[in-house]
Structures are given as structure tokens and as C-alpha cells.
Amino acid sequence: MGISEDIYYEGGPHVGDLIFNLLLGFTVICLPLTVGSIVRAFWLRYRITSRRISVIGGWMGRDRADIIYSEIAKVVTVPRGLGLWGDMVLTLKDGSRIELRSMPNFRATYDYINEKLTPRAQAASGALGSKS
């Protein structure tokens, strides 16, 4: 019997990101943004549990990154889409960064992740532009 994990969120990026970028796709200059949002919608999946954060992405969803909360040094959030979704950047203790793009309900997700972090990481984390 393994250790149980409670799933907080499992799914893909916010659908509003796809809709917004498809509308921007009618202008030629925004086509790269449109292609990026389509690829994210098809192959990017997040799984946030009580023990770890898993990001499955890449071409055809072949790349996977699992991060346990003790490895996280800092979390920064950026609201997008009128605050309906947002981006989170997880900075790990080794200096590498993991991006969670177009997270639905990102404020509640940030609060959930933040309560699992060490006190030092909690003090360093916050929204972009906030004083920390």
C-alpha cells in the first residue's frame, strides 16, 4: 500500500486563454501566440496534490516534471485574462524554474501551494510587483 495523495487540481490550462488567443489569431502578428495556446490546450496538464506538483507537457505530452513542495524556494504569480486565470513561476532551490501557464483559479491554487511551503519560501513568495 502506497502513501495516499489528495488531489487538489487535475486538468489543463484555462479555456479562456485558448479563446482569447484564437481571437487574437485573426491578426497575423499574433499567430505565434495562437499556436502556443492551441498546443497548451491539447498537451499541457497539471496535477497538484497534497504531496507534489506534476506538470505534463511538451510535444504530444511526453515531458513530465514532478516537484515536491520542499524543493520550492519561491512562487510568483501573475494575473492574466482580467484575473480569471494566471501564470505561476515556481523557483526551485537549485535555481531552475517551472512555469504553470494559464492556471485556472490561480489565486486559490497559490494559497494551497503556499501553505505547503517552508516558512522561508512563504516569505519570498507572492504576486509580481508585491513587496516581499
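In this text, all values refer to a predicted model and were calculated from it rather than measured experimentally.

Student: What should I look at first to understand a nonpolar patch on the surface in this one?
Tutor: A contiguous nonpolar surface patch, about 470 Å² in accessible area, is contributed by Val15, Ile19, Leu23 and Phe26. Here Ile19 shows up in helix α1 (residues 15-24). The partly exposed category is assigned to Ile19, whose relative accessible area is 47%.

Student: Sorry if this is basic, but what is going on with the pairing of strand β6 (residues 85-92) here?
Tutor: If a strand is regular, its side chains alternate between the two faces of the sheet. The buried fraction of β6 amounts to 7 of the 8 residues, a majority that puts the element mostly inside the structure. Summarising the sheet, strand β5 (residues 72-80) and β6 pair through 8 bridges and their orientation is antiparallel. Bridge pairing links Lys74 to Thr91 in β6. What sits between the antiparallel neighbours β5 and β6 is a turn of 4 residues, in which Gly81 has the positive phi angle 60 degrees.

The rules behind each value
Residues numbered from 1 in each chain as written. Predicted model: local features only at pLDDT ≥ 70, side-chain atom pairs only at ≥ 80, totals over all residues. Heavy atoms only, no water. Patch = residues over 30% accessible without salt bridge, like charges linked within 9 Å, V, L, I, M, F, W, Y side chains within 5 Å. Areas by Shrake-Rupley, 256 points an atom, 1.4 Å probe, with all protein chains shown as cover. Salt bridge = Lys/Arg side-chain N within 4 Å of Asp/Glu carboxyl O. Helix = DSSP H or I, 4+ residues; strand = E, 2+ residues; numbered from the N terminus. Buried < 20%, exposed > 50% of the residue type's maximum accessible area, 1.4 Å probe, protein only. Pairing = 2+ DSSP bridges.

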